[in-house]
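Examination of the molecular architecture
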Amino acid sequence: SFTSVSLEPPLVGFFPQVASETWQAMAPDGRFCVNVLRDEQADLCWRFAKSSIEDPFEGVPWRPSPVTGSPILDGAIAWMDCTTAEVVGAGDHYFVMGLIVDMDHADPDSQPAPLLFFRGQLGGFVGQS
């Protein structure tokens, strides 16, 4: 799960499982980049969510973020480059808070739809007029 935490200072957070090998590999670096995927990038989302894939970045185009060098995935509609501000134990998960040090988004005129996870499924979002 991912969440906004604070506007001042700009903090976001996510909840990796304590036993997550991905988190164990990321934690020592003290940095990460949050990528907001497009609604048609469900396969890419599952690629990173499954622990059975040895190298989820293999064959996935990305570029380093300007400040920390963390991966920005091609096609993401927004990204937030973060340094780890705090890690708090939360049962069988950690609550990882990141200080946003840089961010950007796709051209709003292109009207990209974000990929959302709800009730065990991935999908898009349709706003009401």
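The structure presented is a predicted model; accordingly, all values stated were derived computationally and were not measured.

Quick notes on the rules
- Residues numbered from 1 in each chain as written.
- Predicted model: local features only at pLDDT ≥ 70, side-chain atom pairs only at ≥ 80, totals over all residues.
- Heavy atoms only, no water.
- Pairing = 2+ DSSP bridges.
- Helix = DSSP H or I, 4+ residues; strand = E, 2+ residues; numbered from the N terminus.
- Phe/Tyr/Trp six-rings, centres within 6.5 Å; stacked < 30°, edge-to-face > 60°.
- Buried < 20%, exposed > 50% of the residue type's maximum accessible area, 1.4 Å probe, protein only.
- Core = buried A, V, L, I, M, F, W, Y, C linked by side-chain atoms within 4.5 Å.
- Contact = heavy atoms within 4.5 Å.
- Axes fitted to C-alpha atoms, helices over the stretch in contact; angles between N-to-C directions.

**Details of the pairing of strand β7 (residues 93-105)**
With four bridges joining them, strand β2 (residues 11-14) and β7 adopt antiparallel strand pairing. Residue pairing across strands places V12 opposite G98, the latter belonging to β7. Relative to β7, strand β6 (residues 78-90) is paired through twelve bridges, and the arrangement is antiparallel. By the bridge assignment for β7, G89 is matched with Y94.

**A look at the packing of aromatic side chains**
Scanning all chains against the criterion turns up six aromatic pairs. Between F14 and W23, the ring centres sit 5.8 Å apart and the planes meet at 80 degrees, which makes this aromatic pair edge-to-face. Summarising the aromatic geometry, the rings of F14 and F32 are spaced 5.0 Å apart at their centres and angled 75 degrees between planes, so their arrangement reads as edge-to-face. Taken together, the residues span a long stretch of sequence, with F14 in strand β2 and F32 in strand β3 (residues 31-36) at a distance of 18 residues. Judged by relative accessible area, which is 5%, F32 ranks as buried. Here a set of aromatic residues connected by ring pairs shows up, and it is made of F14, W23 and F32.

**As for the nonpolar core**
V12, F14, W23, F32, V34, M80, C82, V96 and I100 together form the largest nonpolar core, which totals nine residues. Listing elements by their share of this core, those giving two or more residues are β2, β3, β6 and β7. For I100, the residues in contact, after removing those within four places along its chain, are P10, V12, M80, D81 and C82. Counting five residues, the second-largest nonpolar core is a separate cluster that includes L37, L44, L73 and L115.

**Some words on the sheet that holds β3**
With antiparallel pairing, the five strands of this open sheet are ordered in space as β1-β2-β7-β6-β3. This sheet does not close on itself; its edge strands, each paired only once, are β1 (2-6) and β3. In this sheet, neighbouring strand axes are inclined to one another by 40 degrees on average, regardless of whether the strands run parallel or antiparallel.

**With respect to the environment of D29**
Within the secondary structure layout, D29 lies in the loop between α1 (21-26) and β3. Remark: the alpha-carbon pair of D29 and I53, spanning 24 residues in sequence, is separated by 21 Å.

**Overview of the pairing of β6**
Judged from the six bridges that link them, β3 and β6 form a sheet pairing that is antiparallel. Residue pairing in the sheet places V34 in a bridge with M80 of β6. Where β6 folds back on β7, the antiparallel hairpin that results is connected by two residues, among which G91 adopts a positive phi of roughly 65 degrees.

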